[in-house]
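# Structural characterization, general
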Amino acid sequence: MDESLIDAEQYPRADIDVYLVRNTRHKVKCLQNDYKDIMKDIEIRLHELHAAERERKAHSDSRNVAEQKPNKSLLPFATIDLVSPESPAKHAGLEVGDKLLEFGSVDSENFRALQDIAAIVQHSVGTHVSLVVLRHSREMRLTLEPKKWAGKGLLGCSIVPIQR
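Residues numbered from 1 in each chain as written. Predicted model: local features only at pLDDT ≥ 70, side-chain atom pairs only at ≥ 80, totals over all residues. Heavy atoms only, no water.

Bringing the packing of aromatic side chains into the picture now. In total, this model carries one aromatic pair according to the counting rule given. Pairing Phe 77 with Phe 111 gives two aromatic rings, centres 4.7 Å apart and planes at 35°, and the pair type is tilted. Highlighted residues: Phe 77 in the loop between helix H2 (65-68) and strand S1 (78-83) and Phe 111 in the loop between strand S3 (106-107) and helix H4 (114-123), separated in sequence by 34 residues. You can call Phe 111 buried: its relative accessible area is 16%. (Phe/Tyr/Trp six-rings, centres within 6.5 Å; stacked < 30°, edge-to-face > 60°. Helix = DSSP H or I, 4+ residues; strand = E, 2+ residues; numbered from the N terminus. Buried < 20%, exposed > 50% of the residue type's maximum accessible area, 1.4 Å probe, protein only.)

Rendered as structure tokens:
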């Protein structure tokens with residue numbers, strides 16, 4: 001594509017069709033520019049789409065859990081035993097005594113051990129995990145972001161399974 005079209009004596013090369021090569025180069029450059037424009041448009045639209053999805057999710061997270069899942073009765077499977085100050089758990093709004101009804105995809109139906117929660121936390125570092133907790137007989141939806149902080153662990157809370 002970038003090879004010279006003239007020979008050492010500054011004459012057009014005889015072994016190629018100079019007009020065809022120049023025309024083809026022009027078409028390729030036009031297509032590259034079109035591609036750049038399309039990719040910029042896609043990037044802008046993806047940002048708009050993700051912003052709208054974040055807004056929709058934030059709006060739906062603020063709604064009452066009972067409105068979202070009226071047919072599913074959730075049972076607590078773990079209790080928050082400790083919440084460290086300035087921890088991700090504290091910033092998410094978790095309090096000592098909260099009973100976990102859902103932690104990401106884990107609920108009372110599929111909870112086996114704390115390793116289930118640990119796996120979700122490890123795979124969700126830097127992203128948001130939806131929680132449903134029972135506090136004073138009220139279901140609440142919270143969003144927690146597991147991340148490194150000044151204290152131990154990624155959450156800054158102690159979770160104790162409820163024995164059945």
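Bridge count for S1 against strand S2 (residues 99-103) is two bridges, and the pairing is antiparallel. Each residue of the ladder has a partner; that of Thr 79, found in S2, is Lys 99. Relative to strand S6 (residues 157-161), S1 runs antiparallel, the two being bridged by five bridges. Paired with Ile 80 across the strands is Ile 159, a residue of S6. (Pairing = 2+ DSSP bridges.)

The full count for this structure, using the stated rule, is seven salt bridges. Note that Glu 95 is salt-bridged to Arg 135, the shortest N-O span being 3.6 Å. In this pair, Glu 95 sits in the loop between helix H3 (88-92) and S2 while Arg 135 sits in strand S4 (residues 129-135), placing the two residues 40 residues apart along the sequence. Judged by relative accessible area, which is 37%, Glu 95 ranks as partly exposed. Where Arg 135 meets Asp 98, a salt bridge forms, and the shortest distance between an N and an O atom there is 2.7 Å. Of this pair, Arg 135 sits in strand S4 while Asp 98 sits in the loop between H3 and S2, and the two are 37 residues apart along the sequence. Judged by its relative accessible area of 12%, Arg 135 is buried. For Asp 98, a relative accessible area of 2% gives the class buried. By sharing partners, the salt bridges in this structure join Glu 3, Arg 13 and Asp 15 into a single network. (Salt bridge = Lys/Arg side-chain N within 4 Å of Asp/Glu carboxyl O.)

Counting buried positions along S2 gives four out of five residues, so the element sits mostly inside the fold. Sheet analysis places S2 next to S3, joined by two bridges and oriented antiparallel. Note that in S3 the partner of Phe 103 across the bridge is Val 106. Connecting S2 to the antiparallel partner S3 that follows it, the hairpin turn spans two residues, and Gly 104 within it adopts a positive phi of roughly 65°.

Take H4 next. Within the sequence span of H4, burial applies to Asp 116, Ile 117, Ile 120 and Val 121. The buried side chains of H4 occupy one side of the element, clustering within an arc of 135° when seen end-on. The exposed set on the far side of H4, more than 90 degrees from its buried face, consists of Gln 115, Gln 122 and His 123. On its buried face, H4 sits against S2, S3, S4 and S6. (Arc of directions from axis to C-beta. Contact = heavy atoms within 4.5 Å.)

What follows deals with unusual backbone geometry. Even without being glycine, Gln 10 reaches a positive phi, approximately 70°. When you line up the elements, Gln 10 lands in the segment before helix H1 (18-62). With a relative accessible area of 57%, Gln 10 lands in the exposed category. Unusually for a residue other than glycine, Glu 86 sits at a positive phi of about 65°. Within the secondary structure layout, Glu 86 lies in the loop between S1 and H3.

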